[in-house]
Amino acid sequence: MNAQAIAALVGGRVLGDPSTPVTGVSDITNAKAGDVTFAQSGKHAAAAASCPASVVITSEGVPVTGKTLIIVPNPKYAFVKALSALVPAEKFPAGSHPSASVHPSASVGPGSHVGPLACVEEGAVVGAGCVIHAGAKIGRGSAIGDGSVVHRNAVLYSGTRLGKGVIVHSGAVIGADGFGYLQEGKGAVAGSEDAIERYAQSDEPHLKVPHFGNVVLEDGVEIGANTTIDRSTVGSTVVGRGTKIDNLVQIGHNCTIGAHVIIVSMVGIGGSVRIGDHVTIGGNCGISEGVTIGAFSIVGAHTLVYPGKKFEPRSVVWGNPARPAAKFKAQLAALSSLPKALVKIRGLETALQELESRVRGLES
Amino acid sequence: MNAQAIAALVGGRVLGDPSTPVTGVSDITNAKAGDVTFAQSGKHAAAAASCPASVVITSEGVPVTGKTLIIVPNPKYAFVKALSALVPAEKFPAGSHPSASVHPSASVGPGSHVGPLACVEEGAVVGAGCVIHAGAKIGRGSAIGDGSVVHRNAVLYSGTRLGKGVIVHSGAVIGADGFGYLQEGKGAVAGSEDAIERYAQSDEPHLKVPHFGNVVLEDGVEIGANTTIDRSTVGSTVVGRGTKIDNLVQIGHNCTIGAHVIIVSMVGIGGSVRIGDHVTIGGNCGISEGVTIGAFSIVGAHTLVYPGKKFEPRSVVWGNPARPAAKFKAQLAALSSLPKALVKIRGLETALQELESRVRGLES
Amino acid sequence: MNAQAIAALVGGRVLGDPSTPVTGVSDITNAKAGDVTFAQSGKHAAAAASCPASVVITSEGVPVTGKTLIIVPNPKYAFVKALSALVPAEKFPAGSHPSASVHPSASVGPGSHVGPLACVEEGAVVGAGCVIHAGAKIGRGSAIGDGSVVHRNAVLYSGTRLGKGVIVHSGAVIGADGFGYLQEGKGAVAGSEDAIERYAQSDEPHLKVPHFGNVVLEDGVEIGANTTIDRSTVGSTVVGRGTKIDNLVQIGHNCTIGAHVIIVSMVGIGGSVRIGDHVTIGGNCGISEGVTIGAFSIVGAHTLVYPGKKFEPRSVVWGNPARPAAKFKAQLAALSSLPKALVKIRGLETALQELESRVRGLES
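Below is a short write-up of the structure. (Residues numbered from 1 in each chain as written. Chains lettered and ligands numbered in written order. Predicted model: local features only at pLDDT ≥ 70, side-chain atom pairs only at ≥ 80, totals over all residues. Heavy atoms only, no water.)

Let's shift gears to the overall build of chain A. A count of helical and extended segments in chain A gives five helices and 40 strands. For 364 residues, the compact-globule estimate of 2.2 N^0.38 gives 21 Å, and the C-alpha radius of gyration of chain A, at 28 Å, exceeds that figure by more than 25%. Once the C-alpha set of chain A is aligned to its principal axes, its extents read approximately 100 × 65 × 30 Å. For chain A, buried positions account for 62% of its 364 residues. Of the contacts made within chain A by residues no fewer than 6 positions apart, 19% connect residues no fewer than 24 positions apart. Across chain A, 30 positive and 27 negative side-chain charges occur, with their mean positions spaced 6 Å apart. (Helix = DSSP H or I, 4+ residues; strand = E, 2+ residues; numbered from the N terminus. Rg over C-alpha atoms; globule rule 2.2 N^0.38 Å. Buried < 20%, exposed > 50% of the residue type's maximum accessible area, 1.4 Å probe, protein only. Contact = heavy atoms within 4.5 Å. Lys, Arg positive; Asp, Glu negative; His and termini not counted. Charge placed at Lys NZ, Arg CZ, Asp CG, Glu CD.)

Each of the two copies of the chain can be brought onto the other by a rotation about an axis and a shift along it. Superposing chain A onto chain B takes a rotation of 120° combined with a translation of 0.1 Å along the rotation axis, leaving an RMSD of 0.2 Å. In short, the pair behaves as if placed about a three-fold rotation axis. (Least-squares fit on C-alpha atoms with pLDDT ≥ 70 in both.)

Turning our eyes to something else, we now look at helix α3 (residues 75-86) of chain B. Relative to the 16 Å expected for twelve residues at 1.5 Å per residue, α3(B) spans 16 Å between its end C-alpha atoms, a close match to the ideal helical length. When α3(B) is considered as a whole, its buried residues turn out to be P75(B), Y77(B), A78(B), F79(B), V80(B), A82(B) and L83(B). In the core, the buried residues of α3(B) are packed alongside β20 (181-182) and β22 (207-208) of chain A together with α1 (3-10), β2 (24-25), β3 (35-39) and β4 (55-58) of chain B. (Expected span 1.5 Å × (residues − 1).)

Quick look at the pattern of salt bridges now. Applying the stated criterion to the full structure yields 31 salt bridges over all chains. Close ionic contact of E222(B) with K208(A) constitutes a salt bridge, the shortest N to O distance being 2.7 Å. Residue E222(B) is located in strand β24 (residues 222-223), and its partner K208(A) is located in strand β22; the two belong to separate chains. A salt bridge links E363(B) to R358(A), with the shortest nitrogen-to-oxygen separation between them at 2.9 Å. Here E363(B), found in helix α5 (residues 325-363), pairs with R358(A), found in helix α5 (residues 325-363), and the two come from separate chains. Using a relative accessible area of 37% as the deciding quantity, one classes E363(B) as partly exposed. Each of the salt bridges in this network shares a partner with another, and the network as a whole consists of E356(A), R360(A), E363(A) and R358(C). (Salt bridge = Lys/Arg side-chain N within 4 Å of Asp/Glu carboxyl O.)

Along the chain, T228(B) turns up in strand β25 (residues 228-230). Here T228(B) falls in the buried class, since its relative accessible area comes to 0%. Along the backbone, T228(B) and Q250(B) are 22 residues apart, and their C-alpha atoms lie at a distance of 5.0 Å. Every residue in contact with T228(B), bar those within four places of it in the chain, is listed here: V173(B), V249(B), Q250(B), I251(B), A225(C), N226(C), N247(C) and L248(C). Engagement of the side chain of T228(B) in a polar contact is seen with the side chain of N247(C), the distance being 3.2 Å. (Polar contact = N/O pair within 3.5 Å; in protein donor to acceptor, adjacent residues only side chain to side chain.)

Right, let's get into the side chain of R231(B). Residues and elements named next belong to chain B. If you trace the backbone, R231 turns up in the loop between β25 and β26 (236-239). Despite its burial, R231 remains without a salt bridge, the nearest opposite charge being carried by D177 at 4.2 Å. A polar contact is formed between the side chain of R231 and the backbone oxygen of S158, at a distance of 2.7 Å. Within the structure, R231 has its side chain in polar contact with the backbone oxygen of G213 (distance 2.5 Å).

This brings us to the interface of chain A and chain B. Facing 82 residues of chain A, the contacting portion of chain B comprises 76 residues. Between chain A and chain B the total buried area reaches about 6,100 Å² when both faces are included, carbon and sulfur atoms providing 66% of it. The interface formed by chain A and chain B holds five salt bridges in total. Viewed at the interface, chain B and chain A are joined by 23 residue pairs in polar contact (both at pLDDT 80 or more). It is α5(A) that provides the largest number of residues to the side of chain A that touches chain B, a total of 16 residues. (Buried area = accessible area lost by both parts, 1.4 Å probe.)

Sheets are built from strands paired through backbone hydrogen bonds, the pairs being either parallel or antiparallel. Residues and elements named next belong to chain A. Spatially, the ten strands line up as an open sheet ordered β7-β10-β13-β16-β19-β25-β28-β31-β34-β37, and their pairing is parallel. Every other strand in the sheet has two partners, leaving β7 (101-102) and β37 (304-305) as the edge strands with one partner each. Where strand β31 (residues 268-269) and strand β34 (residues 286-287) come together, two bridges link them in parallel fashion. Pairing of G268 across the sheet is with G286, part of β34. (Pairing = 2+ DSSP bridges.)

On to the packing of α5(A) against α5(B). Running from N to C, α5(A) and α5(B) cross one another at 25°; their axes reach a closest spacing of 8 Å. Between α5(A) and α5(B), the angle falls in the class roughly parallel. For the element pair α5(A) and α5(B), the recorded crossing hand is left-handed. (Axes fitted to C-alpha atoms, helices over the stretch in contact; angles between N-to-C directions. Parallel < 35°, antiparallel > 145°, perpendicular 65-115°, else oblique. Left-handed = near helix turned anticlockwise from the far one by under 90°.)

Residue and element names in this part refer to chain B. Side chains of β4 alternate between two faces, with V55 and I57 and V56 and T58 buried alike. Relative to β4, β3 runs parallel, the two being bridged by four bridges. Counterpart to A39 in the pairing with β4 is T58. Viewed along the sheet, the connection from β3 through helix α2 (residues 45-50) into β4 turns out right-handed. Where β4 lies against strand β5 (residues 68-71), four bridges are found, and the strand directions are parallel. Bridged to T58 within β5 is I71. (Right-handed = clockwise from strand over helix to strand, strands pointing away.)

How big an interface is tends to be reported as the loss of accessible area on association of its parts. Counting residues at the interface gives 76 residues for chain A, matched by 81 residues for chain C. Between chain A and chain C the total buried area reaches about 6,100 Å² when both faces are included, carbon and sulfur atoms providing 66% of it. Across the chain A-chain C interface, the total number found is six salt bridges. If one sorts the elements of the side of chain A that touches chain C by residue count, α5(A) sits on top with 18 residues. Residues that form the side of chain A that touches chain C fall into these classes: 36 nonpolar, 25 polar and 15 charged. (Nonpolar A, V, L, I, M, F, W, Y, C, P; charged D, E, K, R; others polar.)

For helix α5 (residues 325-336) of chain C, which comprises twelve residues, the first-to-last C-alpha distance of 17 Å matches the rise-based estimate of 16 Å (1.5 Å per residue) to within 8%. Considering only its buried residues, α5(C) is in contact with α5 of chain A, β40 (323-324) and α5 of chain B together with β39 (316-318), β40 (323-324) and α6 (338-363) of chain C.

What follows is the structure in structure tokens.
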């Protein structure tokens, strides 16, 4: 590898000697001679110039002296691209470990690894170049696209479908039954936010709604550790291509999550929610049953969206209940001056009484 | 199957030809000829009449024309009953898979399935007609009632007891140690909400409180994926019959959860909490240590109940801190008009000053 | 065992006959003859005196009559010490179960148990006296210190390092990839709180940031069931010695959690957060990316700390956004009187108008 090859890899332009050899990748702090590193902005120029790295990825006009430079619009992005290409990922041998349980009717594609004590159940189809880690359970009739990774002890219930290049981290559970129950005297699904308002306080036992659907994770989706995504009643709960979901997130039955969505940890999403493409949802949010959130919207951390609520594309919402972020911030600011305002109100009352008695004095 | 048989199944009355054959079950959108579907109210009457289904479950007075009708008080409920009865559930063969680990001292009842790589430890007793899915771990001396299902990779710690017809979804952990620690200089259990108020800011290390108790899940309980229920110090943490708990819920040591309770996802319940029968708890709530919530109460989503708080039966509470829902809503409404109110206060101050100077003028 | 031996064990002083035999340990309610029990304060003195226990651990001046007493500063703490010493913990036989998968290059120390269907991968090192429970997965090259316990179906990703006496409960996932993605047009990591503010609303797909680091859990750490701790990009995510983390907690990549910290259930901590020693974090909190919280601080339940925020040692903070607890409480109190204050404002406006017209009358 040399500077020219890295530049080609990240779509950049070399300033200096294109044949400068590159033997490693590192941030500025840990850089050694032969490494490629990056300087995101002028702030990092001096440190980059004085570190031992041989090649620096940076932007037009960042004054890094004495190094071979690779010029790109976003140095950090280019650096991560180089890092991903140059540092070898952990490798796992093709074939099934003897302790794995692969049903005779299941198929595992060429180059795929099935780890120790993993299980590929009846009729499941694992594509080419996949890694099914130790203890992962691939339920009956599931299908996994090429190049996907299912980490240790993750679970796919029967009928789950994964696109290509999907990553499911350990302990994630894809395809458990949705949380739906009925009470005859109430007429609606209990357990949803909606139901809390309308249907609780009955003494009936709950009838379980059966869930015959499945979960579909499209190409390039990544699911965090111990996240849970429930199957739909009929049809599919769908997570769109490229969407990234953090650890410990709950996605309810019959949801449709768009493409390239970001969902941060500890978010709970109820049943039948529709999230548009490129939406970002901050941590610890609750999105109640039946909500629609338009594409490119942002939901701030710790927000609660009430049942059935609809937000237009490019909304920015926050708070409990969810409201436009500007309104939320105005209310927070007002709240912080409220204790003083209450004192002012008492002052006004006293002042008005005094003035009234003076006016009475004038009138008499 | 025909209309008459379905009517008998759901406790309804046929209007039209009771011998109309029924070959499938579907909602209106996906209905085919021969299906039974449902129309919950007048709003769905026209769609039900024009769909290809042969039989429609509906209520008295809903004007669905041209179909054989089955009249019930709650069509959706009856439809789900029919669906559960007519669509065959996934079947698993009786017996233990060769890759499972069943201790010689454990017993597995007739008709029960122990899946690949599942483990039934020393002295555990699995009843009749159970399904212990792939990778599930049944700890030492646990007991599982007839007809229960433990899904893939779920875990029961030693000594857990499940009633009949219990469902534990994948990744759920039943019976881990409670979160209890002591600091000698402080005199109380750390880690609880209570402790946060009273006992933090000590520099002592924490002594682990041992947990010799267990967890009991009564008949008909369903536990969501990756939910955790901790064992008690002594005695049992109990979840009452028919209670349904969603995914990713935490229930602390020594809790007593009543019967037919609904707990939505992402709820954290501290130690020694008592929840009455038929309570509904919305998503993302925190219920602190030592709280008591009376039967038939409703706790709104994102609510925080402070340590030791007691709510009467049929309470409806919301907010942080939890207060009566009506009060919470009034405060929210007031908060939303607060920014304008602050402007009014400044206006009043100015107006009062002006008036005071006019009065001073009159006085002089 | 006798009273004298227990006193030595807990560091107390005997009042009465030091040779009183002790055959069991129990709380007052369940005590039998021969048991040692405890009375935390004067409130429990009468019950302790009349229960069948033979020995009572209590404090100076608590009037428990007719029993052999052991006097300590904190009876409950001493009782738990006695309980831990006298009640035998569950034992597991040394050696690997035949159904476990232990890689030939892995090493398992003397006295350690590797349970059924557990997996110790290539190059992993398990110390002496450890328990690796059924189904636990110890990733490649991990190292586990002496006396540690990894419960059923817990997962350590490759390269995880555990100190001595660490406990990892079932379903916990240690070392999954951090939640880091880049968009070229935006220049920063998406998915963090910070990113939500600065970088969302782009239509680019996300580039995964590779995570080459690991997770280190120091001596005496305990990790709750289904908790997730992500590996760092480079270097280590570290949890300091003696720290106790409850169930269902998320700790992001590159965090440094201090020693003897308490983190209650359902807390989400973003990337690169630094938590000082002896901090206590209440349930359901969100701590955003890049936050620093000084030693001995307390974060109240349901608090949201915004990205990059720094709190001094011994801070006590609460609310959304996190602010000093006293301020939060004052604002809550003010909010609860706000509906009445709004009525007062309207009253003041009316009264002022009336007074103004009286003044106008006087002026004319």
